[in-house]
Amino acid sequence: MDEAPLQNASIDRILDAVREHLGAEIAFVSRYVEGEQKELTHVSSDLDLPMGPGFRDPRENSYCWHIAEGRLPELIQDAADHPFAQTLAITEFLPVGCHLNTPLKLADGTIYGSFCCLSRTPDRTMTDRDLGVLRAFAALAVGQIEQTLEHDERHNSLRGRIRKIIDGQALHIVHQPIHSLATGKPVGAECLARFPDAGQRGPDCWFNEAAETGLGLELELLAIRNALETAAHLPPHCYMSINASPATVLSGALVEMLEPFRGRKLVVELTEHQQVGDYAALKRALGALTPYARIAIDDVGAGYAGLRHLVDLAPDLLKLDMSLTRDVHRDVARRALTTAMVRFARTIGSQLVAEGVESAEEAQVLAELGVDFGQGYFYAAPMPVVAAAQHMMGAAKHEIAEELPALPKAVRCKA
C-alpha cells in the first residue's frame, strides 16, 4: 500500500471533533505503508508541527505500532509512567505527555493504522471513558477510510482499463450516415467510437469513466484522431462530423489535429454532457476551429444545451435530441417545439439535424416542419467505415422511394 496519502475531508472533521471533545493538542490518523513505515494521512492541531499529512518514519519509532503490538497501552496519562515509551525518540522530541491511541481495524481484520489524540503535557484526568470516546470516533473514521479505499480501488481499476485502451489504441470508428430530409440523399456521416465491450456497454460509459479518472482528454483525442483517419473514405459530397466535449475544445489540441484536413468538409459536434463554466472562453476556442470545420451543438432539447448555449455559441448546425424526434408525428408538443427550433435556426443562420429518426412517419413530419437533415435507423444504423461509404455512394445514385408511396418521391428509405 504505497500510493498517495488518503484524501477525505470527513476524517479531518472527525479529528477536529475528537480533539476538541478530549481537550487534546494533536489528533491524527496514520496508516502503515510499504517499507515497514508509518505515514500520517490526516492531522488536526493548532500547533506549528514539524510533520503533517504525508510524513513518514519507521513504524518502530512510533507509539502507534507498539500499541498495536501490545507493548504500550492505548491510554497513557503520562508517558513518564512507561519505561518503554522513554526509549522512543518522539517522546522527548515532541514531547509526548498524555497519549490516547487505538488501532484502526478494517472489516476484513486488517490493521490499517492508528487513530490518536495526544498532548505535550500529562493529563491524569483521562480515563477509560475517554478512551471509549476515542474508539467511537475511530469507528467513524474507519467507515470513511473504507469508503475512500473502495472508491480509490474502483478509480484505479477504471484508470487501468482506460489506460490499456489508450495505449493499445483499442477503439475503432464507425460511421452513421446523415440524410437530407427533403431529398433523402446522404449529406454526411457522424463518426462514433466503439470499444471492445460494445455489446454490453455504450461508448458514453467509457468517456464518462475516462473523465472521472482524469483520462477524458486523452481518450477523446484518441477517438478524434482515429476518426480523422477515416476522412478519406467519405464521398466528396459528404461532410464528416466528429464529437468533442467542451473540455477538449478548450484544451486547444483540436486546432493542430484539424489543420492537415483544411479543405475537407468537417463538422465539430460539441457534446452536451457537462456544464460550461466560461462561455466566452469556449466561444473563442470554437472560433479558432472555424477555419477548419463548421460547429454543431449536439442533443439540443436535452442535457445542458440551453438557450444561452445556442445563442452565445452561434453554431452552424443544431442537432435535435432524439427525445424530440421520437413520435413527433403523434405529439403536438414535440411538433410545436420543433417548429420553434426551425424558426430559431433560420434566424441565426443554422441548419437542423434530427437525431433518432426511426420511421417514415417521423421523417415525413420533420421534413414538413422544415428540418434539414435526419439521422437514425430509418436511414442507416452505425456501420463500418467502408460499408458507410458504399451506402452513401449508392444512396446518392439510386432512387429507393418506391417502397414508401405515402412519402414524397425524393425521400429515401434505409439502404
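So, a few notes on the structure that sits alongside this text. (Residues numbered from 1 in each chain as written. Predicted model: local features only at pLDDT ≥ 70, side-chain atom pairs only at ≥ 80, totals over all residues. Heavy atoms only, no water.)

Glancing now at the overall build of the chain. Along its length, the chain carries 15 helices and 15 strands. By principal-axis analysis of the C-alpha atoms, the chain measures approximately 100 × 40 × 40 Å. Restricting to contacts in the chain with at least 6 residues of sequence separation, those with at least 24 account for 64%. Accessible surface computed for the chain: about 19,500 Å², of which carbon and sulfur atoms make up 53%. Taking the average location of the 39 positive side-chain charges in the chain and that of its 56 negative ones, the two points are 8 Å from each other. (Helix = DSSP H or I, 4+ residues; strand = E, 2+ residues; numbered from the N terminus. Contact = heavy atoms within 4.5 Å. Areas by Shrake-Rupley, 256 points an atom, 1.4 Å probe, with all protein chains shown as cover. Lys, Arg positive; Asp, Glu negative; His and termini not counted. Charge placed at Lys NZ, Arg CZ, Asp CG, Glu CD.)

Moving on: helix H6 (residues 203-212). Within the sequence span of H6, burial applies to Trp206, Glu209 and Ala210. Along the axis of H6, the buried residues cluster in a sector spanning 105°; they form a single face. Contact partners of the buried residues in H6: helix H5 (128-167) and helix H7 (216-228). With its phi angle positive at about 85°, glycine 214 sits one or two positions after the end of H6. (Buried < 20%, exposed > 50% of the residue type's maximum accessible area, 1.4 Å probe, protein only. Arc of directions from axis to C-beta.)

Our next topic: the pairing of strand E2 (residues 37-45). Two faces make up the sheet, and in a regular strand the side chains alternate between them. Summarising the sheet, strand E1 (residues 26-33) and E2 pair through 8 bridges and their orientation is antiparallel. Residue pairing in the sheet places arginine 31 in a bridge with glutamate 39 of E2. Across 3 bridges, the pairing between E2 and strand E3 (residues 56-58) is antiparallel. What sits directly across from lysine 38, in E3, is aspartate 57. (Pairing = 2+ DSSP bridges.)

Enumeration according to the criterion identifies 4 aromatic pairs in this entry. Judged by centre distance (5.2 Å) and plane angle (80°), the rings of tyrosine 32 and tryptophan 65 are edge-to-face. Within this pair, whereas tyrosine 32 is found in strand E1, its partner tryptophan 65 is found in helix H2 (residues 63-68), the two being separated by 33 residues in sequence. Across the pair, exposure class does not vary: tyrosine 32 and tryptophan 65 are buried alike. Geometrically, the ring pair formed by phenylalanine 195 and tryptophan 206 is stacked, given 4.9 Å between the ring centres and 10° between the ring planes. Note that phenylalanine 195 is positioned in the loop between strand E8 (186-194) and H6 and tryptophan 206 in helix H6, a separation of 11 residues in sequence. We note that phenylalanine 195, like tryptophan 206, is buried. Each residue in the set Phe195, Trp206 and Phe207 is aromatic and connected to the rest through ring pairs, giving one cluster. (Phe/Tyr/Trp six-rings, centres within 6.5 Å; stacked < 30°, edge-to-face > 60°.)

Our next topic: the pairing of strand E11 (residues 294-300). The buried fraction of E11 amounts to 6 of the 7 residues, a majority that puts the element mostly inside the structure. Note that strand E10 (residues 266-270) and E11 share 4 bridges and pair parallel. Directly across from valine 268, in E11, lies its bridge partner isoleucine 295. As paired strands, E11 and strand E12 (residues 317-320) are joined by 3 bridges and run parallel to one another. In the sheet register, isoleucine 297 faces E12, and the bridge partner there is leucine 318.

Taken in spatial order, the 6 strands line up as E3-E2-E1-E6-E5-E4 in an open sheet, and their pairing is antiparallel. On the outer flanks of this sheet lie E3 and strand E4 (75-76), each paired with one strand and no other. Packing against the sheet, helix H1 (residues 9-22) makes contact with E1, E2, strand E5 (98-105) and strand E6 (111-119), and its axis sits at approximately 65° to E2. H5 rests against E1, E4, E5 and E6 of the sheet, and its axis sits at about 40° to E5. (Axes fitted to C-alpha atoms, helices over the stretch in contact; angles between N-to-C directions.)

You can see serine 62 is positioned in the loop between E3 and H2. Note on serine 62: relative accessible area 4%, which makes it buried. In this structure the side chain of serine 62 is engaged in a polar contact, spanning 3.2 Å, whose partner is the backbone nitrogen of tryptophan 65. Ignoring anything within four residues of it in the chain, the contact list for serine 62 reads Lys38 and Leu88. (Polar contact = N/O pair within 3.5 Å; in protein donor to acceptor, adjacent residues only side chain to side chain.)

Another point: the nonpolar core. Buried together is how nonpolar side chains tend to be arranged in soluble globular proteins. Ranked by size, the top nonpolar core spans 67 residues in total, and within it Leu219, Ile242, Val249, Leu258 and Val268 carry the most contacts. Excluding residues within four positions of it along the chain, valine 268 makes contact with Ile242, Ala244, Leu254, Leu258, Leu289, Ala293, Arg294, Ile295 and Ala296. Core analysis: the next-biggest nonpolar cluster, separate from the first, contains 24 residues, Ala24, Val29, Cys117 and Leu131 among them. (Core = buried A, V, L, I, M, F, W, Y, C linked by side-chain atoms within 4.5 Å.)

All right, on to the state of the cysteines then. Summed over the entire model, instances satisfying the criterion amount to 0 disulfides. Free cysteine cysteine 116: the closest other cysteine sulfur is in cysteine 64, separated by 5.5 Å. The exposure class of cysteine 116 is buried, given its relative accessible area of 0%. Sulfur of cysteine 117: no disulfide; nearest cysteine sulfur belongs to cysteine 116 and is 6.7 Å away. (Disulfide = S-S within 2.5 Å.)

The complete set of buried residues in helix H14 (residues 360-369) reads Ala360, Glu362, Ala363, Val365 and Leu366. Turning to H14, the residues buried within the fold contact helix H12 (322-325), helix H13 (332-348) and strand E13 (351-355). Remark: glycine 370 follows H14 within two positions and exhibits a positive phi of approximately 105°.

Within the structure shown, the criterion is met by 22 salt bridges. Residues glutamate 39 and arginine 31 are paired through a salt bridge, measuring 2.6 Å at the closest nitrogen-oxygen approach. This pair shows no difference in class: glutamate 39 is buried, exactly as arginine 31 is. One salt bridge connects aspartate 197 with arginine 201, and the closest N-O pair in it is separated by 2.9 Å. Owing to a relative accessible area of 15%, aspartate 197 belongs among the buried residues under this scheme. Classification of arginine 201 as partly exposed rests on a relative accessible area of 21%. Look at the salt bridges and you will find they share partners, linking Arg161, Asp197, Arg201 and Glu209 into a network. (Salt bridge = Lys/Arg side-chain N within 4 Å of Asp/Glu carboxyl O.)

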